[in-house]
Amino acid sequence: RRSLILGETMISRRAAPLLGRSVLRGHVACLATKSEPAPPMVYIKGEEMTRYTMDLIIKKWIDPHFDTGGWEYFDLSCKNRDDTEDKCLFDAVAAGARIGAIFKEPTVTPTAIQKELLGLKKTWGSPNGAMRRGWNGITISRDTIHIEGMELGYKKPVLFERHAVGGEYGAGFKAGIGKGKVVTVHLGADGDATIVDQRDLSDDNNAVVTYHNPIDNVTDLAHHFFARCLVADGGKGVVPYVVTKKTVFKWQEGFWVAMKEVFDAHYKDKYLAKGLLETVGGELPHLISDAATMQIIRWTGGGFGMAAHNYDGDMLTDEVAQVHRSPGFINSVLIGKKANGEIIKEYEASHGTVADMDAARLRGEETSLNPLGMVEAISTPHTR
């Protein structure tokens, strides 16, 4: 079989001469030379090309060096979710909350077409949403991966925080709504009713959507973001930016206010002492999301961080990945919190299952996948 899985061409030509020392800056050290116990972890299996690739990574790079007897495995393929009525997802979330360290392969949220193709009972919801809720998700940290001797898109690290909850991903909606009036009402815990919005619909066909953005955990996101940016790039630090569209979406003001309050009270003096605010007027900088899309392309020198709402963070980190040459050169860590305050971390690649490549593999065609996002994700719980 001629498949070039695991980026074997890249591994043999670029990484092999570097074995015995750190290849990925600050993250992945050389593999152990003898079997040693891997720390307890929840391992979530996914689908398609990335599942196939991770099977090879485990076989070639993990099993010969580590005893993974302490790992708990959960299969979140569409078929298994269907067969277990999603019990496998609930069990995985419970195990992740208990252990606090999770590795997740990319998974599929089935469409109506996939429901028919796979013979599923229903189009099961996003497992990512269930995990973020179940682990009290705060933020999804996505950073550029840098490799010694290889020039990529950004010269210095780029850090990103994507608010892990709220926004369009948790929206409720009703399509096919006709003319009339829509009233959105909040019923408080005390039973008091507050009208949030009311509007007249003049079209015959409308989609009505409702969602909210939780603000309480933005304080935790802010501390995580500013603390990371302060020590990034080998301790030199990077410039932190808060990204919103608050000029138009007035409801986003609360995100900015919470971030700035934490920064001014706990971090501003430290950033000033390092000279990290000299180019931004000595204050925490705010970027309109439209401007952020342009600056991500322009600032190829790197050395900056951004924090944004859920949807904006999703889109902007995809753009960062493209500038940095590949989604495989971006890591992704969901940060959550147990009821007792202990941190939960779920490590994964920032990309999906690469379905089109898997289809090519199954047809017997030659394929080549950059595995480094997944290698980073599987190795970090061990090295940290």
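So, a few notes on the structure that sits alongside this text. (Residues numbered from 1 in each chain as written. Predicted model: local features only at pLDDT ≥ 70, side-chain atom pairs only at ≥ 80, totals over all residues. Heavy atoms only, no water.)

### Comments concerning helix H4 (residues 87-99)
Between the first and last C-alpha of H4 there are 18 Å, a value that for 13 residues agrees with the 18 Å anticipated at 1.5 Å per step. Packed against the buried residues of H4 are strand E2 (41-45), strand E4 (71-75), helix H3 (78-83), strand E5 (101-104), helix H6 (127-134) and strand E16 (343-349). Note on H4: the residue one or two positions beyond its end, Gly100, has a positive phi of about 90 degrees. (Helix = DSSP H or I, 4+ residues; strand = E, 2+ residues; numbered from the N terminus. Expected span 1.5 Å × (residues − 1). Contact = heavy atoms within 4.5 Å.)

### Here we look at unusual backbone geometry
Residues other than glycine seldom take positive phi values, yet Asp233 does so here, at roughly 55 degrees. Structurally, Asp233 can be placed in the loop between helix H7 (218-231) and strand E12 (239-244). Phi is positive for Arg325, which is not a glycine, with a value near 90 degrees. Of note, Arg325 is situated in the loop between helix H11 (310-323) and strand E15 (331-337).

### A short note on the packing of helix H2 (residues 48-62) against helix H12 (residues 355-362)
As a packed pair, H2 and H12 sit with axes 6 Å apart at the nearest point and diverge in direction by 70 degrees. The angle between the axes of H2 and H12 places the two elements in the roughly perpendicular class. Between H2, through Glu48, Met49 and Tyr52, and H12, the contact on the second element is made entirely by Ala355, Met357, Asp358 and Arg361. (Axes fitted to C-alpha atoms, helices over the stretch in contact; angles between N-to-C directions. Parallel < 35°, antiparallel > 145°, perpendicular 65-115°, else oblique.)

### With respect to the pattern of salt bridges
Scanning all chains against the criterion turns up 27 salt bridges. Here Arg228 and Asp143 are joined by a salt bridge, their closest N and O atoms 2.6 Å apart. In this pair, Arg228 sits in helix H7 while Asp143 sits in strand E6 (residues 139-143), placing the two residues 85 residues apart along the sequence. The same class applies to Arg228 and to Asp143, which are both buried. (Salt bridge = Lys/Arg side-chain N within 4 Å of Asp/Glu carboxyl O. Buried < 20%, exposed > 50% of the residue type's maximum accessible area, 1.4 Å probe, protein only.)

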